[in-house]
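Residue-level listing of the chains:
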Amino acid sequence: MPRKFLDFPGPLAFAHRGGSAHGPENTWRAFEHAVGLGYAYLETDVRATADGVAVAFHDKTLDRLTGRPGRIAVLPHRDVAAARIAGTEPIPLIEDLLGAWPDVRFNIDVKDARAIAPLAGVLHRTAAWDRVCICSFSASRLRATRRALDRGVCTAASPSGIAAVLLGGPAGASAQCAQVPVPVATALFLRRAHERGLQVHAWTVNDRGLMESLLDLGVDGIITDETAALREVLTARGQWHPRQAS
C-alpha cells in the first residue's frame, strides 16, 4: 500500500541527507544522530557505481565531499568505498541503511537512471516497500523507477506534476505527496494539493521562524538539515512524534 509510508502522525519531520547540520551529509554519523533524536524519516540520495552498487550519495562526482576525483557512475564500488566524506566518513550503501533501522522510513531521491535497477534490487532483497518514498527531479526517472519496482510504493510528484497542481490540474495518479521548495509552499498550493489528496513537504527548511510559519500554514512535513532545531520547534508545539524503536 503506497500510502503506508505516510501514515505516521504529522507533521512529518525529515532529516535531509541525514541532517547535515550535525554531521557530514549522507554519512552514518548524520543518520545516527537523527535516529538518536527520534526521527522516523530520513532523506537521502541514491547513485550507482559502475558495477551496480547503490550508494547514498548526492553528487555525480566524489570531488566536493571526499576530495578525490571521479564520477561515481564510472568507478567500481571498491574505489568508491575507499573514499571518505570529510576525510573520515565512509559512503553508506542504501541496503545497509535500510537494514540498520527496520522501523525508520527513507525518502530516496533517485539521482541517476543507472541507479534505478540497483535500487529495485535492494528493495526486492529487503522488502522495504512500505518504508520508502521515491522522488526525483526527473519525471522520466520516476516513471522508469515505478516500472522497475513492479509494485506500488510511495512516490512524490515530479516537477511537471507539481507545476500541474500550481495551475490547478492533476499531479498524476501515481503521486502521494508533493515535495517542494519553500517558495512553492503557498496557501494556494497547499489547498490545491490537499484537494488532490497530496501531502505537501517543504524543503530545505533550516530557520526556526520559517519552520513555524510553514507549520502554521499547514504543511504536512518539513525537510531540514537542522534536525535538533526542528525537533525543538515541533516539541514546543506539541507536534513532535518520535519513532518507536522496534
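The structure this text deals with has already been given above.
Residues numbered from 1 in each chain as written. Predicted model: local features only at pLDDT ≥ 70, side-chain atom pairs only at ≥ 80, totals over all residues. Heavy atoms only, no water.

Bringing the packing of aromatic side chains into the picture now. The final tally for this structure, using the stated rule, is six aromatic pairs. Centroid distance F5 to Y41: 5.1 Å. Interplanar angle 80°. Geometry classified as edge-to-face. Taken as a pair, F5 in the segment before β1 (12–16) and Y41 in strand β2 (residues 41–48) lie far apart in primary sequence, 36 residues in all. Here F5 and Y41 have matching classes, each one buried. Residues F8 and Y41 carry aromatic rings whose centres are separated by 5.9 Å and whose planes lie at 80° to one another, so their mutual orientation is edge-to-face. Note that F8 is positioned in the segment before β1 and Y41 in strand β2, a separation of 33 residues in sequence. An identical accessibility class is assigned to F8 and Y41; each is buried. The rings of F5, F8, F14 and Y41 are connected pair by pair, giving a single aromatic cluster. (Phe/Tyr/Trp six-rings, centres within 6.5 Å; stacked < 30°, edge-to-face > 60°. Helix = DSSP H or I, 4+ residues; strand = E, 2+ residues; numbered from the N terminus. Buried < 20%, exposed > 50% of the residue type's maximum accessible area, 1.4 Å probe, protein only.)

It is worth spelling out the side chain of D112 at this point. By the secondary structure assignment, D112 is in the loop between β4 (105–110) and α5 (116–126). Although D112 lies buried, it forms no salt bridge, and the closest oppositely charged side chain, R47, sits 4.2 Å away as judged by the N-O distance. A distance of 3.1 Å separates the side chain of D112 from the backbone nitrogen of R114, its partner in a polar contact. Other than its neighbours up to four places away in sequence, D112 contacts V46, R47, A73 and R141. (Lys, Arg positive; Asp, Glu negative; His and termini not counted. Salt bridge = Lys/Arg side-chain N within 4 Å of Asp/Glu carboxyl O. Polar contact = N/O pair within 3.5 Å; in protein donor to acceptor, adjacent residues only side chain to side chain. Contact = heavy atoms within 4.5 Å.)

This paragraph deals with the packing of helix α7 (residues 159–166) against helix α8 (residues 187–195). The geometry of α7 relative to α8 is characterised by a closest axis approach of 9 Å and an angle of 105° between their N-to-C directions. On the basis of the axis angle, α7 is roughly perpendicular to α8. Residues I162, V165 and L166 of α7 form the contact with α8, whose own contacting residues are F189, R192 and A193. Class assignment of the residues belonging to the contact of α7 with α8 gives a composition of five nonpolar, no polar and one charged. (Axes fitted to C-alpha atoms, helices over the stretch in contact; angles between N-to-C directions. Parallel < 35°, antiparallel > 145°, perpendicular 65-115°, else oblique. Nonpolar A, V, L, I, M, F, W, Y, C, P; charged D, E, K, R; others polar.)

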